[in-house]
Amino acid sequence: MKAGKRIMGQMSLAGLDEWSSVRAVKGADVFCNQGGKVRREWLSRCTEERALTKELMGKIVSPSNLVAALRQVVSNKGSAGIDGMSVEELRQWFSSHYHEFQSQIITGKYRVESVREVQIPKPNGGVRILGIPTVKDRLVQQAISQVLSLHYDPTFSDRSYGFRPDRGAHDALRQAGQEVSEGRDWIVDIDLEKFFDTVNHDRLMWLLGTRIGDKTLLKLIGKFLRAGMLKDGLVSQGVKGMPQGSPLSPLLSNIILDELDKELEVRGHRFVRYADDLIVMVKSEPSAKRVLSSLTAFIEQRMLLKVNKSKSKISRPYELNFLGHSILIEGRLGLSKTSEQRLKAKLKQLTQRNRGISLEQLVKELNPILRGWLNYFKNAQMIGRLKAIEGWLNRRIRCFRLKQCKRAFTMAKLLHRLGVPWNRSWATAGSSKGWYRLSVTPAAHEAMNLKWFGTIGLYSLKENYVKHLKKPPSTTHVRWVV
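Residues numbered from 1 in each chain as written. Predicted model: local features only at pLDDT ≥ 70, side-chain atom pairs only at ≥ 80, totals over all residues. Heavy atoms only, no water.

A. Inspection of unusual backbone geometry at higher detail. In this structure, Lys77 is a non-glycine residue whose phi angle is positive, near 60°. With respect to the secondary-structure elements, Lys77 resides in the loop between helix 5 (63-76) and helix 6 (87-107). On the basis of relative accessibility, which here comes to 58%, the residue Lys77 falls in the exposed class. At Lys406, a position not held by glycine, the phi torsion is positive, near 65°. Relative accessible area serves as the criterion here: at 68%, Lys406 is assigned to the exposed category. (Helix = DSSP H or I, 4+ residues; strand = E, 2+ residues; numbered from the N terminus. Buried < 20%, exposed > 50% of the residue type's maximum accessible area, 1.4 Å probe, protein only.)

B. Inspection of the environment of Leu304 at higher detail. In this fold, Leu304 is placed in the loop between helix 13 (285-302) and strand 8 (313-315). Expressed as a C-alpha distance, the spacing of Leu304 and Asn200, which sit 104 residues apart in the sequence, is 7.0 Å. In this structure Leu304 touches Thr198, Asn200, Arg203 and Ile299, once residues within four positions along its chain are discounted. (Contact = heavy atoms within 4.5 Å.)

C. Up close: the pairing of strand 7 (residues 277-282). Most of strand 7 sits out of view: 5 of its 6 residues are buried. Bridge count for strand 3 (residues 186-191) against strand 7 is 6 bridges, and the pairing is antiparallel. Looking at the pairing, Asp189 lines up with Ile279 of strand 7. (Pairing = 2+ DSSP bridges.)

D. Spatial organisation of the side chain of Asn308. Locating Asn308 in the fold gives a position in the loop between helix 13 and strand 8. Setting aside its immediate chain neighbours within four residues, Asn308 contacts Asp191 and Glu193.

E. Examining the environment of Arg355 more closely. Examined against the element boundaries, Arg355 turns out to sit in the loop between helix 14 (337-350) and helix 15 (359-377). Here Arg355 falls in the partly exposed class, since its relative accessible area comes to 30%. It is 9.2 Å that separates the C-alpha atoms of Arg355 and Phe400, two residues lying 45 residues apart in sequence. In this structure Arg355 touches Gln349, Leu350, Leu362 and Glu365, once residues within four positions along its chain are discounted. Of the polar contacts made by the side chain of Arg355, one reaches the backbone oxygen of Leu350; its length is 2.8 Å. (Polar contact = N/O pair within 3.5 Å; in protein donor to acceptor, adjacent residues only side chain to side chain.)

F. Region of interest: the pattern of salt bridges. All told, the structure shown has 19 salt bridges when counted by the stated rule. Put simply, Glu179 and Arg270 hold a salt bridge, and the shortest N to O gap is 3.2 Å. Note that Glu179 is positioned in helix 8 (residues 169-181) and Arg270 in strand 6 (residues 270-274), a separation of 91 residues in sequence. Among the residues examined, Glu179 registers a relative accessible area of 1% and is labelled buried. With a relative accessible area of 25%, Arg270 lands in the partly exposed category. Sharing partners across several salt bridges, the network here consists of Arg159, Glu179, Glu182, Arg184 and Arg270. (Salt bridge = Lys/Arg side-chain N within 4 Å of Asp/Glu carboxyl O.)

G. Just the sheet that holds strand 6, in detail. The antiparallel open sheet is built from 4 strands, whose spatial order is 6-7-3-8. Edge strands, defined here as strands with exactly one partner in the open sheet, are strand 6 and strand 8. For this sheet, the mean angle separating the axes of adjacent strands, direction not counted, is 20°. On the sheet, helix 12 (residues 249-267) packs against strand 6 and strand 7 and is oriented at approximately 170° with respect to strand 6. (Axes fitted to C-alpha atoms, helices over the stretch in contact; angles between N-to-C directions.)

H. Region of interest: the confidence of the model for the chain. Confidence in the prediction for the chain averages 87 pLDDT; 87% of positions are at 70 or higher. In this model, residues 1-28 is a region of pLDDT below 50 whose contacts with residues beyond four sequence positions or in other chains number 47 contacts. (pLDDT = per-residue confidence, 0-100.)

I. How the structure looks around a positive patch on the surface. Among the surface-exposed residues, Lys122, Arg128, Lys194, Lys240, Lys311 and Arg342 lie close enough to one another that they form a single positively charged patch. Positionally, Arg342 belongs in helix 14. The exposure class of Arg342 is partly exposed, given its relative accessible area of 43%. (Patch = residues over 30% accessible without salt bridge, like charges linked within 9 Å, V, L, I, M, F, W, Y side chains within 5 Å. Areas by Shrake-Rupley, 256 points an atom, 1.4 Å probe, with all protein chains shown as cover. Lys, Arg positive; Asp, Glu negative; His and termini not counted. Charge placed at Lys NZ, Arg CZ, Asp CG, Glu CD.)

J. Highlighting helix 12. Between the first and last C-alpha of helix 12 there are 28 Å, a value that for 19 residues agrees with the 27 Å anticipated at 1.5 Å per step. Bending of helix 12 peaks at approximately 35° at the position of Leu257. Within helix 12, 15 of the 19 residues are buried, which leaves the element mostly enclosed by the surrounding structure. (Expected span 1.5 Å × (residues − 1). Bend = angle between axes of the 7 residues up to and from the residue.)

K. Local environment of the packing of helix 15 against helix 16 (residues 383-405). Contact geometry for helix 15 and helix 16: axes closest at 12 Å, N-to-C directions at 170°. Taken as axis vectors, helix 15 and helix 16 run roughly antiparallel relative to one another. Contacts between helix 15 and helix 16 involve Leu359, Leu362, Leu366, Leu370, Trp373 and Leu374 from the first element and Leu386, Leu393, Ile397, Phe400, Arg401 and Gln404 from the second. Of the residues belonging to the contact of helix 15 with helix 16, the class tally is 10 nonpolar, 1 polar and 1 charged. (Parallel < 35°, antiparallel > 145°, perpendicular 65-115°, else oblique. Nonpolar A, V, L, I, M, F, W, Y, C, P; charged D, E, K, R; others polar.)

L. The arrangement of the pairing of strand 1 (residues 115-121) in detail. Across 2 bridges, strand 1 lies against strand 4 (residues 229-231) in parallel orientation. The partner of Val115 across the bridge, within strand 4, is Met229. Sheet topology note: the strand 1/strand 2 (residues 127-132) ladder contains 6 bridges and is antiparallel. Bridging across to strand 2, Ile120 finds its partner in Arg128.

Structure (structure tokens):
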């Protein structure tokens, strides 16, 4: 997101002034009125926008935009597509083929390659299918996304936080907490079933065509949508959906779901959306039931998307799992049970005592995960749960270290070297208990105490969380969006 902010800052904002007068009409982004008819204001604004966006391809293939796109693709790294070209090779290829590459895009002769399928296991079972475009296709998509973002992002809802510059998950959570603190403590949690896989191409192209007048650009986007996916040597034709993993998909997803945002605003609902995660906050259970029913009908009948009825539900804030968090009394954030379970599952996998790695290597693998996890969940109220998680993890590391000793004599030497008297060291080492039970003996706790965990360099969740709580509040954080 920071990289996206830099790119938008580097690019020229010329042309936005032309569009600003078009957006000035409040509510012009709302497609239909409450009767379901297309609003005249929206049609009028679209006509003006199409006239102002007939030459977007020139901005997309401009040297400054393509160079900015190249830098972003290279910095994102990622694996190669079906042609095998890596991001390291892309820079050299671009410098020697720039004019030909630019000409193919502007004339509509650019050939889009199929995407390579990659399956990523989901934490709760199943797999998520990613489509990896070639690096050249990623470069073109990034160039398109940069220009269209300047056009679309200012018109998106203030309550949309995913894939947008200067916005993130923490901002979305603060907004949700604010709504709950004001008494909207019945949550309608909408789950879109396989959103990226079920996007209707015809409707998406219609949405784009209402506001973009450059037909060459629309044809190119259509090519990316229809690009097949290579799996086991066979290419499946793309008839719906858009690949997760492409630079253009995040922006297109926001363009699609902006229709839902505008509908919620017309109805006067308080909501928060991060990508395809949507929650609506209301003040009573009957209202929540009405909202769930009416939104399901709107999404499926008007937007031609699918609502996962088994996962979409009405819940109280403390039962919520929105971006890994629950919401506590007075709008404070909590840690959801699912997030805690996922962390422990990952740590359990890393601390298996039969891995055959050194303690130093284990700590090197654990620390980035612990640091990154706490950095994301640092605003949750969870000191008690962190103590429990850290105590559980410390026991597993003690068990891991004792198992490395293999023999009783080696274990006794380790315990004695760490400060346990010889008689107690031998008594513990000679015990018939299993490794996991040995890890909670008084001798093991005395030897491998909290100070010892500090000496081996293990990142402490509890200590760093307390340090974060003691920090004075930042004066530059994003304000509440009300």
